[in-house]
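# Structure assessment
The primary structure of each chain is shown beneath.
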Amino acid sequence: MAESSESRPLSGIRVVELSSFVASPLCGLTLAQLGAEVIRVDPVGGAADVHRWPLAPGGTSIYWTGLNRGKSSVTLDLRSDEGRQSFRDLVTAPGEGSGILVTNSAGREWMSHERLAAVRPDVITLELLGRRDGRPGVDYTVNAALGFPAITGQDGGQGGGQDGGQGGGQGAGQVVNHALPAWDVAAGLHAALAVVSAVRERERTGRGRRIVLPLDDVALATAGALGYLTEPQLDGSTRPAVGNYVYGTFGRDFTTADGGRVMVVALTTRHFHDLARVTGTRDAVDAL
């Protein structure tokens, strides 16, 4: 039996969302799944990603639908003064759990934190930026700037192809910008946590909060926590492109006799001993 929204942690919280693409809608979706009422505001005709692939046979965006399920919807002419005022009224409407805005449409004076706070001092706004200085940035450009494509695929000296155990069909030395928008996902979840924290702070202090969350800051912080930035600082090394091998431990993919593919990973010493035992390579490993 599905859990009712009234029993979820954010029941009674209302969030207004003006957003597109991944990180900001994912923030709203996460808050909605936690029980908040999320009201998505779109311009006439829909946001920039309303028709983004993949599409259902009828032409509806599966991508857009997945990120915006469980939300209410309002369409406003945000180019008009009347539409902008209606938007501000929606954000600053009275109510203990309202007065929260999530958006990646930053830099617009008519919906700025200062403008909204003049009407409702305890307003909470979260702005998802590409870069902290306001310049645009998306997951694929941030990922490339961090250098992650250069450590995917295969090293320039390796062979390739399915039977070689590297997989992916990459050419020698070809970099790959991963299809999973990892930094968008991380930023969206960080944003949801930031909103929850700001709501908690407002309950204790009565104060609102302006939160600015740049995508490249999330990426840098995450990469730093995982050691990707520390490693070259300590020894000057550059992490190689190792294909489907796992850096720092044993892991690689194999082609099975029936043409399937399996990924085998041994994370601990016990895992490796068990792997050697089940593969009948114990003597060879001991010799090495």
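Residues numbered from 1 in each chain as written. Predicted model: local features only at pLDDT ≥ 70, side-chain atom pairs only at ≥ 80, totals over all residues. Heavy atoms only, no water.

So, on to the overall build of the protein. Scanning the protein from terminus to terminus reveals 10 helices and eight strands. In terms of overall size, the protein is more extended than a compact globule, its C-alpha atoms giving a radius of gyration of 24 Å where 288 residues would be expected to give roughly 19 Å. In terms of overall dimensions, the protein has C-alpha extents of about 75 × 45 × 45 Å along its principal axes. The 288 residues of the protein split such that 38% are buried. Within the protein, contacts between residues separated by at least 24 positions form 64% of all contacts whose residues are at least 6 apart in sequence. (Helix = DSSP H or I, 4+ residues; strand = E, 2+ residues; numbered from the N terminus. Rg over C-alpha atoms; globule rule 2.2 N^0.38 Å. Buried < 20%, exposed > 50% of the residue type's maximum accessible area, 1.4 Å probe, protein only. Contact = heavy atoms within 4.5 Å.)

Orientation of helix 6 (residues 182-205) relative to helix 7 (residues 215-225), taken along the N-to-C sense of each, is 100°, at an axis distance of 9 Å. What the angle tells us is that helix 6 and helix 7 run roughly perpendicular. The residues of helix 7 that touch helix 6, namely those facing W183, D184, A186, A187 and H190, are L215, V218, A219 and T222. Here the residues of the contact of helix 6 with helix 7 are counted per class, giving six nonpolar, two polar and one charged. (Axes fitted to C-alpha atoms, helices over the stretch in contact; angles between N-to-C directions. Parallel < 35°, antiparallel > 145°, perpendicular 65-115°, else oblique. Nonpolar A, V, L, I, M, F, W, Y, C, P; charged D, E, K, R; others polar.)

Across all of its chains, the model carries one cavity of 30 Å³ or more by this definition. Lining of the largest cavity is provided by L10, I13, V15, L31, V195, V196 and V199. Broken down by element, the lining of the largest cavity gets its largest block of residues, three residues, from helix 6. Its residues placed into classes, the lining of the largest cavity shows seven nonpolar, no polar and no charged. (1 Å grid on protein atoms, 1.4 Å probe; cavity = no way out; pocket = protein on both sides within 12 Å on 5 of 7 lines; lining within 4 Å. Points joined across faces, edges and corners; volume = space filled by probe spheres on them.)

On the basis of which strands lie adjacent, the open sheet formed by six strands has the order 3-2-1-4-5-6 and parallel pairing. On the outer flanks of this sheet lie strand 3 (72-76) and strand 6 (209-214), each paired with one strand and no other. Ignoring strand direction, the axes of neighbouring strands in this sheet form an average angle of 20°. Bridging between strand 2 (residues 37-43) and strand 3 involves five bridges; their strand directions are parallel. Bridging from a neighbouring strand, V41 pairs with V74 of strand 3. Along the sheet, helix 3 (residues 81-91) makes contact with strand 1 (14-18), strand 2, strand 3 and strand 4 (100-103), crossing strand 1 at roughly 150°. (Pairing = 2+ DSSP bridges.)

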